[in-house]
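Chain residues, written in single-letter form:
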Amino acid sequence: MRYGILTVYTLVNCAVLGGVIFYETHLPATFVDGVGLTGFKVSVEWGITGLLVLAAWGYYRQARRSADEFMALIFGAAAIAAIGETFFMGYAEVNDVQNLLGHIYKIASYGLIYRAMFVISIRKPYNRLAEQTQMLVRANETLRTQAQALESTTAHVFVTDPAGHFQWRNRASCQLLGGQHQEDISHFSLFTAPVTLDPEVAAAIRVAVLASGHWRGFVEAIDRNGKRIIMNRTVTTLRSETGVLEGFVSVSEDVTETRRARERHKRVLDTAIDGFCIADVHGDLLEVNAACVRLLGYSAGELRAMNFSAFDPADRRRRLYRLAYENGQLSHDQYETVFPHKLGHEVSVAVSMTFDPEVQQYFVFVRDISDQVRAMVVQFDLERQLQQAQKMEAMGQLTGGIAHDFNNILVSVLGYSKLALDRLVPDKQSKLATYLREIIMASERARDLIAKMQAYTRGQSNSPPKGVISPAVVVREVLSMMRPSIPSTISFDVELDEGLGIEMDAGELNQVMINLIINARDALGGSGVIGIRLHAVEVEGDLCALSQQRFSGVYHALEVTDNGSGIALEHKLRLFDPFFTTKEVGKGTGLGLSMVQGILRRAGGHIVVTSKLGLGSQFKLLFPVKSLAPEVPVTPAETPEWQAGTGQHIGVVDDEPAVTRFLCELLQGQGYRVTCYTNPVALLLAFENASQVFDLVITDQTMPGLNGIELAERLHRVRTELPVILCTGNDRNMDGDALRRPGIYRHFVKPAAGSDLLGAVADALGTATTSK
């Protein structure tokens, strides 16, 4: 382009010079008649000056926008040329000074143009060459730095030819394989030992890298000391711009210690008691330890093919995922749940889960807490037993208080009934005598019932030693007693085998039957049939409702059935729990069947409960087989008799006036002089002031101010030989030592039989005799 511009410029100048020199006569005249200024000359000069000014203005603007020196020089040349041109158009006559200045300005303008041409043709290419030189220096420096980085890196870098033979290696590879850095290394090959020990792995590397352009994995190699090492290697192809294979580049890292540390960590996790697993962001299991395999029953391969949601349907990991990205840090959660085992049962576990957003993985520890859960269940059962024991303790205290008051009532009822029968009814076969005897029998049963309640709350029986009884006799007595209290719309279907015997207390069987018949009556709701059957039966694998255990054998069965409402399934397991009842408030306390439970256990029996809603229920009592002893004539035993009193003075104290009145009546009828008190303090004051001299004192135990034992102690401080007979309605907290310390002569539990009390009085006063 430069040569072209020069050629055109030369030709134009030659044409102009030729025209001016050789064709001067043909050119317009600018000097006519001595005048050097013509209209044509002025127009041309103004045109040239205007063009130069426009050129100067254009170059000025470009010079302001650019730092190029060429533009500034051309601007100066155009501006000076425009100024010089004014000297050739402003004179009317030729003026040498103006002509000289015009040419000087032209020379200055030509100098600037020459300078600009120098800059653009010589200086600017030179500067570009200098810049390229600097770029080359910087590129060489970068390459040198990169080469130093490759040399100083701890990674082992090999460059090979297409056959795999080494062409270049860095310093780290020298430390790996030995030898000098600059020696011939073509005898080393990427696909043979010692660089790659396993030929199959080497073949796989070659196939994979030629197919996809790269390969990455772990290989075994041998270092310069002959030691096997594990390398984490990446192999890529090295190709030209046209795609021709020029070789391979291998970058390796010695991960032997890391791999061994990982194996150690894996062994630690595999030997851990707790299960451990790693899951990806989707919940797919990536790694599990041996404890996790043992815990869940699946193999490691089966677990790695499963998702964590299969064990935790609640999928709590999603909440951890959200928390991790909301807080920008690790999220952690701990909870207890159950995991399904491969065999179908459930395993109680405590889970500790952490999500790491950096690696997008869940780390989960799982601990088997089945033993702890079972221990908690046992603890809960023990707590329930303790609560039950506390309930029974409270019940015992309540029962003791009720027994005391109730026994005081029974003393009056039973005592006055016997007095009336003995003293006021001469005809013992009359209806009045019969009625009184029924009252006495009912009072005695009430007395025995209170005694059984107290024995049950103490967890022991105060019954006499058990003997073999006929349950048929007891059942008939119960039916005879209860028939008046059962609605006439309820009938009995009774079938009893007379020859069967069981070993237990008759009173306890009486109590059991009363409870079962009352429950059957309530289930019938006013009408129906209560069936009672006594027979021998052989059972095989029946379930005892008390112990929840299977039993088999031959038993004597006493069944109580009804065709009433039946028992709901959820209530059957709690039938014998104390205080549990399905009856309305005020219609049951939940104590009846719990007392049946205790009685049956003492008798070594079982109970089987069968029921269907709307079809009725059956309670089958099963007792070990016993044989009834043949009846033998009873020889009358020696019965104690006593002489009537001779006016001995007896002090009687009881806070219940009805009891004191009965005792006064009983003792006065036997010839004793009696002074009655309802306040123990009053008796003590009379005795200490010698206003009353007693031969014997009969005292209640539970009284306001002083109890019976404390009263006996105070009396014996005054007179140690004074006999004291203690009567109590509740002996729950009394033991033999407490009775012996104050010197109590005899101890009776209310309501005591009048004959027994009179006998004790006669013994204490020395008036008892014995006769046939």
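Residues numbered from 1 in each chain as written. Predicted model: local features only at pLDDT ≥ 70, side-chain atom pairs only at ≥ 80, totals over all residues. Heavy atoms only, no water.

Undergrad: Can you explain the packing of helix α17 (residues 657–668) against helix α21 (residues 754–765)? Please cite residues and give values.
TA: Between two packed helices, the angle of one axis relative to the other and the distance separating the axes together describe the packing. Packing of α17 against α21 brings their axes to within 11 Å, and their N-to-C directions diverge by 65 degrees. Taken as a pair, α17 and α21 cross one another with a handedness that is right-handed. Taking contact as the criterion, the partners of Leu 663, Leu 666 and Leu 667 in α17 are, on α21, Gly 754, Leu 757, Leu 758 and Val 761. Across the contact of α17 with α21, the residue classes break down as six nonpolar, one polar and no charged. (Axes fitted to C-alpha atoms, helices over the stretch in contact; angles between N-to-C directions. Helix = DSSP H or I, 4+ residues; strand = E, 2+ residues; numbered from the N terminus. Left-handed = near helix turned anticlockwise from the far one by under 90°. Contact = heavy atoms within 4.5 Å. Nonpolar A, V, L, I, M, F, W, Y, C, P; charged D, E, K, R; others polar.)

Undergrad: Would you mind going over the packing of helix α3 (residues 69–86) against helix α4 (residues 96–152) in detail, with residue names and values included?
TA: Remark: α3 packs on α4, axes separated minimally by 8 Å, with the N-to-C direction vectors making an angle of 165 degrees. By the angle between their directions, the pair α3 and α4 is classed as roughly antiparallel. Here the hand of the crossing between α3 and α4 comes out left-handed. Residues Glu 69, Phe 70, Leu 73, Ile 74, Gly 76, Ala 77, Ile 80, Ala 81, Ile 83, Gly 84 and Glu 85 of α3 pack against Gly 102, Tyr 105, Lys 106, Ala 108, Ser 109, Leu 112, Ile 113, Arg 115, Ala 116, Val 119, Ile 120 and Arg 123 of α4. Grouping the constituent residues of the contact of α3 with α4 by class yields 14 nonpolar, four polar and five charged. (Parallel < 35°, antiparallel > 145°, perpendicular 65-115°, else oblique.)

Undergrad: How would you explain the nonpolar core if you had to name every residue and give the values?
TA: Membership of the largest hydrophobic core comes to 45 residues, with the highest contact counts inside it found for Leu 509, Met 513, Ile 517, Ile 532, Leu 558 and Phe 623. Looking at this core element by element, the count peaks at seven residues for helix α14 (residues 506–524). Judged by nonpolar contacts, the second largest core, of 24 residues, contains Cys 292, Tyr 298, Tyr 335 and Val 366. (Core = buried A, V, L, I, M, F, W, Y, C linked by side-chain atoms within 4.5 Å. Buried < 20%, exposed > 50% of the residue type's maximum accessible area, 1.4 Å probe, protein only.)

Undergrad: Would you mind going over the pairing of strand β9 (residues 346–356) in detail, with residue names and values included?
TA: Counted residue by residue, β9 has eight buried out of eleven residues, so it is predominantly covered. In this structure, strand β8 (residues 331–340) lies alongside β9, joined through ten bridges in antiparallel fashion. By the bridge assignment for β9, Val 338 is matched with Ser 348. The antiparallel hairpin formed by β8 and β9 contains five residues in its connecting segment, where Gly 344 sits at a positive phi of about 110 degrees. Summarising the sheet, β9 and strand β10 (residues 361–368) pair through eight bridges and their orientation is antiparallel. Each bridged residue has a counterpart across the sheet, and for Asp 356 the counterpart in β10 is Gln 361. Counted along the chain from β9 to the antiparallel partner β10, the turn is four residues long, and its residue Gln 360 has a positive phi close to 60 degrees. (Pairing = 2+ DSSP bridges.)

Undergrad: Tell me what's going on with the sheet that holds strand β12 (residues 490–496), and back it up with residues and numbers.
TA: Taken in spatial order, the five strands line up as β12-β14-β15-β17-β16 in an open sheet, and their pairing is mixed. Since the sheet does not close on itself, it has two edges, and those belong to β12 and β16 (606–612), each with one partner. Strand-to-strand, the axes of this sheet are offset by a mean angle of 25 degrees, without reference to chain direction. Sitting on the sheet, helix α13 (residues 471–482) is in contact with β12, β14 (528–543) and β15 (550–562), with an inclination near 165 degrees to β12. Where α14 meets the sheet, it contacts β12, β14, β15 and β17 (616–624), and its direction lies at approximately 115 degrees from that of β14.

Undergrad: Kindly report on the environment of Asn 307, identifying the contributing residues and their values.
TA: With respect to the helices and strands, the residue Asn 307 is situated in the loop between α9 (300–304) and α10 (317–327). Along the backbone, Asn 307 and His 282 are 25 residues apart, and their C-alpha atoms lie at a distance of 8.1 Å. Contacts of Asn 307, omitting those with residues within four sequence positions, involve His 282, Gly 283, Asp 284 and Arg 317. Only 2.9 Å separates the side chain of Asn 307 from the side chain of Asp 284, close enough to count as a polar contact. (Polar contact = N/O pair within 3.5 Å; in protein donor to acceptor, adjacent residues only side chain to side chain.)

Undergrad: Mind laying out the state of the cysteines, listing which residues take part and the relevant values?
TA: Here is the idea: a disulfide is a covalent bond, and it sits between the sulfur atoms of two cysteines. Scanning the entire structure with this criterion turns up one disulfide. Sulfur-sulfur distance for the disulfide between Cys 664 and Cys 676 comes to 1.6 Å. Taking the torsion about the S-S bond as the criterion, the Cys 664 to Cys 676 disulfide, at about 80 degrees, is right-handed. Placement of Cys 664 in helix α17 and of Cys 676 in strand β20 (residues 673–677) is noted, with a sequence separation of twelve residues between them. (Disulfide = S-S within 2.5 Å.)

Undergrad: Go over the pairing of β20, please, and point to the residues and values.
TA: With five bridges joining them, strand β19 (residues 649–653) and β20 adopt parallel strand pairing. Pairing of Val 652 across the sheet is with Cys 676, part of β20. Considered for its hand, the β-α-β crossover made up of β19, α17 and β20 is right-handed. (Right-handed = clockwise from strand over helix to strand, strands pointing away.)

Undergrad: Would you mind going over helix α19 (residues 708–718) in detail, with residue names and values included?
TA: Those residues of α19 lying buried are Gly 708, Ile 709, Leu 711, Ala 712, Leu 715 and His 716. In a view along the axis of α19, the buried residues occupy a sector of 155 degrees, so they form one face of it. Its side-chain oxygen placed 3.2 Å from the backbone nitrogen of Ile 709, Asn 707 serves as the N-cap of α19. (Arc of directions from axis to C-beta.)

Undergrad: Run through the confidence of the model for the chain, naming residues and quoting values.
TA: When the pLDDT values of the chain are averaged, the result is 79; 83% of them are 70 or greater. Taken as a whole, residues 459–465 scores under 50 in pLDDT and shows ten contacts with residues more than four places along the chain or in a different chain. Low pLDDT, under 50, characterises residues 585–591; the predicted model gives this stretch eleven contacts beyond four residues in sequence or across chains. (pLDDT = per-residue confidence, 0-100.)

Undergrad: Give me the pattern of salt bridges: which residues, what numbers.
TA: A complete count under the given rule lists nine salt bridges for this structure. Linking Glu 220 and Arg 228 is a salt bridge whose minimum nitrogen-to-oxygen distance equals 2.7 Å. Here Arg 476 ties to Glu 498 by a salt bridge, and the two come within 2.4 Å at their closest N and O atoms. Within this pair, whereas Arg 476 is found in helix α13, its partner Glu 498 is found in the loop between β12 and β13 (502–504), the two being separated by 22 residues in sequence. By relative accessible area, Glu 498 is classed as partly exposed at 41%. (Salt bridge = Lys/Arg side-chain N within 4 Å of Asp/Glu carboxyl O.)

Undergrad: A description of the sheet that holds strand β1 (residues 156–160) should follow, citing residues and the corresponding values.
TA: Taken together, the five strands give an open sheet; going across it, the order is β2-β1-β5-β4-β3, and neighbouring strands pair in antiparallel fashion. Every interior strand has two partners, whereas the edge strands, β2 (166–169) and β3 (214–222), have only one. When the angles between neighbouring strand axes are averaged without regard to direction, this sheet yields 30 degrees. Here strand β4 (residues 228–239) pairs with strand β5 (residues 245–254) via nine bridges, running antiparallel. When the sheet's bridge partners are listed, Met 231 is paired in β5 with Asp 254. Contacting β3, β4 and β5, helix α6 (residues 199–212) runs over the sheet at an angle of about 160 degrees to β3. Sitting on the sheet, helix α7 (residues 256–271) touches β3, β4 and β5, and the angle it makes with β4 is about 125 degrees.

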